[in-house]
Amino acid sequence: MAVDASLIEADANRQYPAPKEEWDLARVDVNAAPRAVREYLDTLDEAAFGAASDVQPKFMSFSDPASQWAAARKGPAFFAYSDNYLIDTDHGVIVDVETTRSIRQAEVGSTRTMLTRVKNKFDLHPERLIADTAYGSGPMLDWLVKRNIVPHILVIDKAGRTDGTWSRANFDWDADNNQYICPEGEALKQFRRNYSDPNRGPTGKGVAKYQALKHTCQACPSKMKCRPNADARKITREEHEDARDVARAIRKTRQYKVSSKPRKKVEMLFAHLKRILGLGRLRLRGPCGANDEFLLAATAQNLRKLAKIFPAPQQMRKA
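If you're wondering where the values come from, they're calculated on a predicted model, not measured in any experiment. (Residues numbered from 1 in each chain as written. Predicted model: local features only at pLDDT ≥ 70, side-chain atom pairs only at ≥ 80, totals over all residues. Heavy atoms only, no water.)

Outline a nonpolar patch on the surface, supporting the account with residue identities and numerical values.
Together, Leu-303, Leu-306, Ile-309 and Phe-310 make up a nonpolar patch on the protein surface, roughly 390 Å² of accessible area in all. By secondary structure assignment, the location of Phe-310 is in the loop between α9 (286-309) and α10 (313-318). (Patch = residues over 30% accessible without salt bridge, like charges linked within 9 Å, V, L, I, M, F, W, Y side chains within 5 Å. Areas by Shrake-Rupley, 256 points an atom, 1.4 Å probe, with all protein chains shown as cover. Salt bridge = Lys/Arg side-chain N within 4 Å of Asp/Glu carboxyl O. Helix = DSSP H or I, 4+ residues; strand = E, 2+ residues; numbered from the N terminus.)

Given below as structure tokens:
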């Protein structure tokens with residue numbers, strides 16, 4: 001299966017955005033508010049909308065406040081919703097649809113919702129999931145690996161260095177001994193003694209720090225390549241680094257290169273949605289209205305696809 005998201009412009013005027021400072025929920029009359037505003041208030045605690053991020057958008061719309069002020073491909077900003085597709089890459093059929101805010105946290109979280117929903121309703125458990133780099137965060141990869149879903153996803157990695165010195169990728173991870181091995185063969189350990197107090201030992205959560213011995217680094221012939229301005233080399237390892245290592249290993253396989261082509265089927269569905277079906281702008285407001293339009297559009301796309309897979313009886317008799 002493959003997953004991706006696309007921005008669809010909401011039914012809100014982009015010319016008159018309201019700054020976030022002008023929005024005061026205490027002044028909103030729920031009984032007299034429009035339907036889109038009431039739906040916005042109802043989704044403040046949902047992971048796909050209000051609870052996706054604590055950061056408030058720069059601008060909000062009075063007519064459709066649940067829509068997100070966003071821009072696509074460095075173009076002009078507009079109010080939009082994200083249409084998230086989960087497709088079967090073998091036939092290009094849309095398996096599930098989810099409507100979210102147009103931010104990365106909400107789009108990545110919708111992947112878990114859709115995979116769980118198709119598992120419970122249709123008993124579909126994908127062997128692999130194909131997605132772009134936006135879905136390559138540590139928690140997302142860990143969630144997939146724990147459910148035996150092979151992540152064909154490029155890892156979000158900011159540990160690389162631009163000054164030419166060795167980065168974390170140049171060090172080998174020794175999981176059996178809980179240590180890193182530098183290119184010179186020296187060990188970088190988190191703890192070098194056993195603590196009687198378990199609270200002082202490794203917790204397995206958050207970020208762990210691994211460090212080499214100072215006298216070893218001082219005598220190392222590769223000091224200028226490793227850490228020219230430090231006494232000893234230090235490396236941090238995140239909580240979900242094991243799952244990230246799994247994704248990095250998959251990237252080196254031939255199957256990962258083959259998976260880059262089926263992922264384009266999701267992008268083609270979004271292009272078909274906007275250019276052929278003409279859904280470049282929503283006609284309904286609010287999360288419910290956007291969700292209804294996305295579901296109807298996905299149904300129309302699936303019917304067109306199924307008509308090609310299973311031809312009509314008249315065509316079969318002519319053949």
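Any chance you could break down the packing of helix α3 (residues 138-146) against helix α6 (residues 241-251) for me, citing the residues and the numbers?
Between two packed helices, both the angle of their axes relative to each other and the distance between the axes serve to describe the pair. Here α3 crosses α6 at 80°, and the two axes come no closer than 8 Å. One way to sum up the angle between α3 and α6 is to call them roughly perpendicular. Contacts from Gly-138, Leu-141, Asp-142 and Val-145 of α3 reach α6 at Ala-243, Arg-244, Val-246 and Ala-247. Residues that form the contact of α3 with α6 fall into these classes: five nonpolar, one polar and two charged. (Axes fitted to C-alpha atoms, helices over the stretch in contact; angles between N-to-C directions. Parallel < 35°, antiparallel > 145°, perpendicular 65-115°, else oblique. Contact = heavy atoms within 4.5 Å. Nonpolar A, V, L, I, M, F, W, Y, C, P; charged D, E, K, R; others polar.)

A description of the pattern of salt bridges should follow, citing residues and the corresponding values.
Applying the stated rule across the entire model yields 19 salt bridges. For Arg-35, the salt bridge is made with Glu-39, and the minimal N-O distance between the two is 2.7 Å. In this pair, Arg-35 and Glu-39 are both assigned in helix α1 (residues 35-42), four residues apart and thus about one turn of the helix distant. Overall, Glu-39 belongs to the buried group, its relative accessible area being 11%. For the salt bridge of Asp-157 with Arg-244, the shortest nitrogen-to-oxygen distance reads 3.6 Å. Linking Asp-157 in the loop between β8 (150-152) and β9 (172-174) with Arg-244 in helix α6, this pair joins segments that are 87 residues apart in sequence. In this structure Asp-157 comes out as partly exposed when scored by relative accessible area, which is 36%. A relative accessible area of 3% places Arg-244 in the buried class. (Buried < 20%, exposed > 50% of the residue type's maximum accessible area, 1.4 Å probe, protein only.)

Account for the side chain of Glu-241, naming residues and giving values.
Tracing the chain through its elements places Glu-241 in helix α6. Residue Glu-241 is classed as buried on the basis of its relative accessible area of 1%.

Which residues make up the packing of aromatic side chains, and what values go with them?
For any two aromatic rings, the description comes down to two numbers: the centre-to-centre distance and the angle of the planes. Taken as a whole and assessed by the stated rule, the structure comprises eight aromatic pairs. Aromatic rings pair up to connect Phe-59, Trp-69 and Phe-79 into one cluster. Residue placement shows Arg-237 over the ring face of Trp-173; its charged tip is 3.8 Å from the ring centre. (Phe/Tyr/Trp six-rings, centres within 6.5 Å; stacked < 30°, edge-to-face > 60°. Lys NZ or Arg CZ within 6 Å of the ring centre and 35° of its normal.)

Requested: an account of the nonpolar core, with residues and values cited.
The nonpolar side chains of a soluble globular protein tend to be buried, and buried together. If you look at the biggest cluster of nonpolar residues, it comprises 30 residues, and the most contacted ones within it are Tyr-81, Tyr-85 and Phe-294. Elements represented by at least two residues in this core include exactly β1 (2-9), β3 (59-60), β5 (78-88), β6 (93-100), α8 (264-275) and α9. Ranked by size, the runner-up nonpolar core spans 21 residues in total, among them Leu-144, Val-155, Ala-243 and Ala-247. (Core = buried A, V, L, I, M, F, W, Y, C linked by side-chain atoms within 4.5 Å.)

If you had to explain α3 to someone new, which residues and values would you point to?
Residues spaced three or four apart along an α-helix face the same direction, because each turn holds 3.6 residues. The set of residues buried in α3 consists of Gly-138, Met-140, Leu-141, Asp-142, Trp-143 and Leu-144. Its buried side turned inward, α3 meets α2 (104-122), β7 (128-130), β8 and α6. Asn-148 sits one or two positions beyond α3 and adopts a positive phi of about 60°.

Could you give an account of α1, naming the residues involved and the relevant values?
Those residues of α1 not exposed but buried are Ala-36, Val-37, Glu-39 and Tyr-40. One side of α1 carries all its buried residues, which in axial view fall inside an arc of 160°. Packed against the buried residues of α1 are β3 and α9. (Arc of directions from axis to C-beta.)

I'd like a description of the pairing of β5, backed by residues and values.
For a regular strand, side-chain orientation follows a simple rule: the groups alternate between the two sheet faces. With ten of its eleven residues buried, β5 lies for the most part within the structure. With eight bridges connecting them, β1 and β5 associate as antiparallel partners. Paired with Ala-2 across the two strands is Ile-87, which belongs to β5. In terms of strand pairing, strand β4 (residues 68-70) meets β5 through three bridges, oriented antiparallel. Bridging from a neighbouring strand, Ala-70 pairs with Phe-78 of β5. (Pairing = 2+ DSSP bridges.)

Summarise unusual backbone geometry; cite the residues concerned and give the values.
You will see that Asp-123, though not glycine, has its phi angle at about 55°, which is positive. Mapped onto the elements of the fold, Asp-123 is located in the loop between α2 and β7. At Asn-178, a position not held by glycine, the phi torsion is positive, near 55°. Locating Asn-178 in the fold gives a position in the loop between β9 and β10 (179-181).

Scope: geometric values only; no functional claims are made or implied.
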